[in-house]
Protein chains: 2
Amino acid sequence: MNLKRVLMGPGPSDVDARVLEALARPTIGHLDPNFIEILNEIRELLKYTFQTRNEMTLAMSGTGSAGMETCIVNLIEPGDAMLVCINGVFGNRMADVAERAGAEVTRLEVDWGRIFEPEQIKRALQKKKYKVVGIVQAETSTGAHQPIKEISDIVHESGALYLVDAVTSLGGTKVDVDGWQIDACYSGSQKCLSCPPGLSPVTFSEAAVKAMERRKTKVQSWYLDLNMIRQYWGSERLYHHTAPINMNYALLEALKMVKEERLEKRWERHLNNHYMLKTGLAAIDIHYVTQKGYELPMLNAVTIPEGVDDLKTRRQLLSEFNIEIGGGLGVFKGKVWRIGLMGAASTVSNVLLFLAALEKSLYDQGHQFEPGASIAAAITYGNPIKE
Amino acid sequence: MNLKRVLMGPGPSDVDARVLEALARPTIGHLDPNFIEILNEIRELLKYTFQTRNEMTLAMSGTGSAGMETCIVNLIEPGDAMLVCINGVFGNRMADVAERAGAEVTRLEVDWGRIFEPEQIKRALQKKKYKVVGIVQAETSTGAHQPIKEISDIVHESGALYLVDAVTSLGGTKVDVDGWQIDACYSGSQKCLSCPPGLSPVTFSEAAVKAMERRKTKVQSWYLDLNMIRQYWGSERLYHHTAPINMNYALLEALKMVKEERLEKRWERHLNNHYMLKTGLAAIDIHYVTQKGYELPMLNAVTIPEGVDDLKTRRQLLSEFNIEIGGGLGVFKGKVWRIGLMGAASTVSNVLLFLAALEKSLYDQGHQFEPGASIAAAITYGNPIKE
């Protein structure tokens, strides 16, 4: 089995050959001075990527959901009140994780595909005091791009800590941890960082670290206990668990590529390719399910056209073109496609290949549309838009 | 950074080029039919390696300690009584994890380096009823090889579930999950399986699965909740979290190598190289801290000779010979070396290289011994012992 796919689903995304090459370097020990140096480099590059000076910035030894759980179990003690904003699968997951950690969770909901308005959060925070407010910046199940900065002051004025899910956004659109005063933020290696899945970058502000230090109870997860893990990532280098050595080689290389491209350029690339895809899809009458104006650049959630078979289309894309796109989750199952343009997969080449392949599948299914129209629209869509 | 070490510490161990090559294959999606096939193959090979027919046999997306936490949080509900046998760091860790999961933990202890006698466990089980009894087969901090089979009946007669830590033992010495009636067992990818760290194989017996199904409370960890994860590894293939794709490629390749060599041959190889090392060390008056007759074949814990500098020796081994060995943990810090002969690192070549390198370091430090004696003893030690 040595299959090459074009990964245009909700993640993992395509991994550059440089990163795969780094992944395959000989394994060394987790206490080897050379590995410690790698962890230091990762921390510095993560600080750049998260746009933060937080000393507690590191990669957890698990996938994105482990990062979510890390933030929650380290901040929450049994009985703590937490407000979770839910407009898709990942907000729901956050509430579930928080309840398992003993939080008294209040669920604030809007319809899938929509974003939260600051006013709505303000009202919720006037009714009750919370220790933590959690929200998802890039809701991968709906393609909604939640504005994060606009809510920050409201959260902090209420005295709560601000927890942001940046699993799908980090490296693909602006995530400004310090500028937006985010207290705890987590991501995944396999989305816009284009590293294989297996690590979860997290960062904690000083206020979040203090909240951790004030805990009266032990963190319920030994594996994710940052009070212990910080002694390994910190100057003490105390053994906690055996870090996934090779995954860290890969993450370091992926982060170097982010730095070399520069964040601003990378965000711009993601946005340009998103607009091109959107323009092409519109020309064959395929539209986003997401609230207008808040579509994520790296995760394009579109309504499957009437009469078109979800599974048949995705299977054809996979078997005939090696293209993976995502189906809908939950209420969107069978109704929505999720087209990823993440990290190394966010290229003009992928946009055009996908549009052409999709057109072929639609044509094979007898769907009514003007063949070639999406490509025509995409290639003539004009100058790339600068952010 | 592209450093090649000889990994003779407590893990990670040397990784074969075949496994590194598999690791670097192009990433595919976690719901790709080809990846699902890989998970199926991993399960079958893990069943062979664990010597079990347990359907719930899979690799958790974390390192060995995540496997420990998985077993505990899935079996324990708040208030459940658990007996933990402690004779080193990993027994201690098990108790810590169990307490964080809300277990009422009773600690049964013997001195570091010693093993538990069945009688001792019998007495403890007569005093109180426990839901789970946890014990470490290969205590990596002391090199003690705990007999597991001998205690199984005692545990089951008491009505408890039998939880065994096989992190360091699996693939290097006999682990017979079905034959020894182990109810829950976890391991790590980076010890005698010689895969990079990042995955933790676990297996649950029918009785353990039933205990899980009878739970009244949710598993406190969302990330490690086997009730959810089994739906991804099972026929439903329901999305839970994004599996570490490339790490699973590597584990599959490593398990194939275990199967090709055959378990019995592999155990024998580990034992033979252990005896050779032991014979060589004895000739220069270096001896095991572990209870006589219960030394682990893959983890050799020896007393640092009087007058020899721990750090200086380990640094010289690393810088001059690229050999990593482990220092002592806890009460053994500065007093003990831990020499791993795990998986791909368990070779005659490594034994002789290590002995020669150690002799040079001892000589450079002015230590009194007969130069060449360890090599002489090792190469003349006679016919390999068959198990």
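Residues numbered from 1 in each chain as written. Chains lettered and ligands numbered in written order. Predicted model: local features only at pLDDT ≥ 70, side-chain atom pairs only at ≥ 80, totals over all residues.

(A) Just helix 11 (residues 310-321) of chain A, in detail. All names here are of chain A. With twelve residues, helix 11 extends 16 Å between its outermost C-alpha atoms, agreeing within 8% with the 16 Å of an ideal straight helix rising 1.5 Å per residue. Every buried residue of helix 11 is accounted for by Thr313, Leu317 and Leu318. Projected down its long axis, helix 11 shows its buried positions confined to an angular sector of 125 degrees, all on one face. What points out from helix 11, more than 90 degrees from its buried face, is the exposed set Leu311, Lys312, Ser319 and Glu320. Close packing links the buried residues of helix 11 with strand 12 (323-324) and helix 12 (348-364). Note on helix 11: the residue one or two positions beyond its end, Asn322, has a positive phi of about 60 degrees. (Helix = DSSP H or I, 4+ residues; strand = E, 2+ residues; numbered from the N terminus. Expected span 1.5 Å × (residues − 1). Buried ≥ 20, exposed ≤ 12 C-beta atoms within 10 Å, placed from the backbone. Arc of directions from axis to C-beta. Contact = placed C-beta atoms within 7 Å.)

(B) Representation of the environment of Gly293(A) in the model. Residue and element names in this part refer to chain A. By the element assignment, Gly293 lies in the loop between helix 10 (263-283) and strand 11 (299-303). Given 7 C-beta atoms within 10 Å, Gly293 falls into the exposed group. For the pair formed by Gly293 and Ala211, sequence separation is 82 residues and the distance between their alpha carbons is 36 Å.

(C) Just the sheet that holds strand 8 (residues 161-165) of chain A, in detail. Residues and elements named next belong to chain A. Taken in spatial order, the seven strands make up an open sheet running 2-10-9-8-5-3-4, and their pairing is mixed. With partners counted over all chains shown, the strands left at the sheet margins are strand 2 (56-60) and strand 4 (104-109), one partner each. Within the sheet, the average angular offset between the axes of one strand and its neighbour, ignoring direction, is 15 degrees. With six bridges connecting them, strand 3 (residues 81-86) and strand 4 associate as parallel partners. (Pairing = 2+ DSSP bridges. Axes fitted to C-alpha atoms, helices over the stretch in contact; angles between N-to-C directions.)

(D) Structural view of the domain arrangement of chain A. Residue and element names in this part refer to chain A. One can read the domain layout of chain A as domain 1 (16-260) and domain 2 (262-379). Distance between the C-alpha centres of domain 1 and domain 2: 28 Å. At the interface, 24 residues of domain 1 touch 24 residues of domain 2. Tallied by class, residues from the side of domain 1 that touches domain 2 come to eight nonpolar, twelve polar and four charged. (Domains from an automatic or database assignment. Nonpolar A, V, L, I, M, F, W, Y, C, P; charged D, E, K, R; others polar.)

(E) The arrangement of the interface of chain A and chain B in detail. Listed by partner, the interface residues are 50 residues for chain A and 50 residues for chain B. Counting only elements with at least two residues in the side of chain A that touches chain B, the list comes to helix 1 (17-23), helix 2 (33-50), helix 3 (64-75), helix 4 (89-100) and helix 9 (245-261) of chain A. Taken together, the residues that form the side of chain A that touches chain B break down as 21 nonpolar, 18 polar and eleven charged.

(F) Spatial organisation of the sheet that holds strand 8 (residues 161-165) of chain B. Residue and element names in this part refer to chain B. Judged by pairing direction, the sheet is mixed, and its seven strands sit side by side in the order 2-10-9-8-5-3-4 without closing on themselves. Only two strands of the sheet have a single neighbouring strand rather than two, namely strand 2 (56-60) and strand 4 (104-109). Neighbouring strand axes in the sheet, compared pairwise and without regard to direction, differ in orientation by 15 degrees on average. Two strands pair when backbone bridges link them, and strand 8 and strand 9 (residues 184-186) are joined in this way by three bridges, in the parallel orientation.

(G) Inspection of the relation of the copies chain A and chain B at higher detail. Overlaying chain A on chain B yields an RMSD of 0.0 Å, the required transformation being a rotation through 180 degrees with an accompanying axial translation of 0.0 Å. Between the two chains, the operation in question is that of a two-fold axis. Most of the interface of chain A is mirrored in chain B: 100% of its interface residues are interface residues there too. (Least-squares fit on C-alpha atoms with pLDDT ≥ 70 in both.)

(H) Here's a closer look at helix 12 of chain A. All names here are of chain A. In this model helix 12 runs 24 Å from its N-terminal to its C-terminal C-alpha over 17 residues, within 8% of the 24 Å that 1.5 Å per residue would give. On its buried face, helix 12 sits against strand 1 (6-7), helix 10, helix 11, strand 12, strand 13 (336-340) and helix 13 (373-379). Looking one or two places after helix 12, you find Gly366, whose phi comes out positive at around 80 degrees.

(I) Representation of the nonpolar core. Counting residues in hydrophobic clusters, the biggest one holds 260 residues, and the most contacted among them are Leu75(A), Val84(A), Ala98(A), Leu251(A), Val84(B), Ala98(B) and Leu251(B). The contact partners of Val84(B), leaving out residues within four places of it in the chain, are Gly91(B), Met94(B), Ala95(B), Ala98(B), Val105(B), Arg107(B), Leu108(B) and Gly134(B). (Core = buried A, V, L, I, M, F, W, Y, C linked by C-beta atoms within 7 Å.)

(J) Looking closely at the environment of Leu23(A). Checked against the element boundaries, Leu23(A) lands in helix 1. Filtering out sequence-adjacent residues up to four positions away, Leu23(A) remains in contact with Pro196(A), Asn246(A), Tyr249(A), Ala250(A), Leu23(B), Ala24(B) and Asn246(B).

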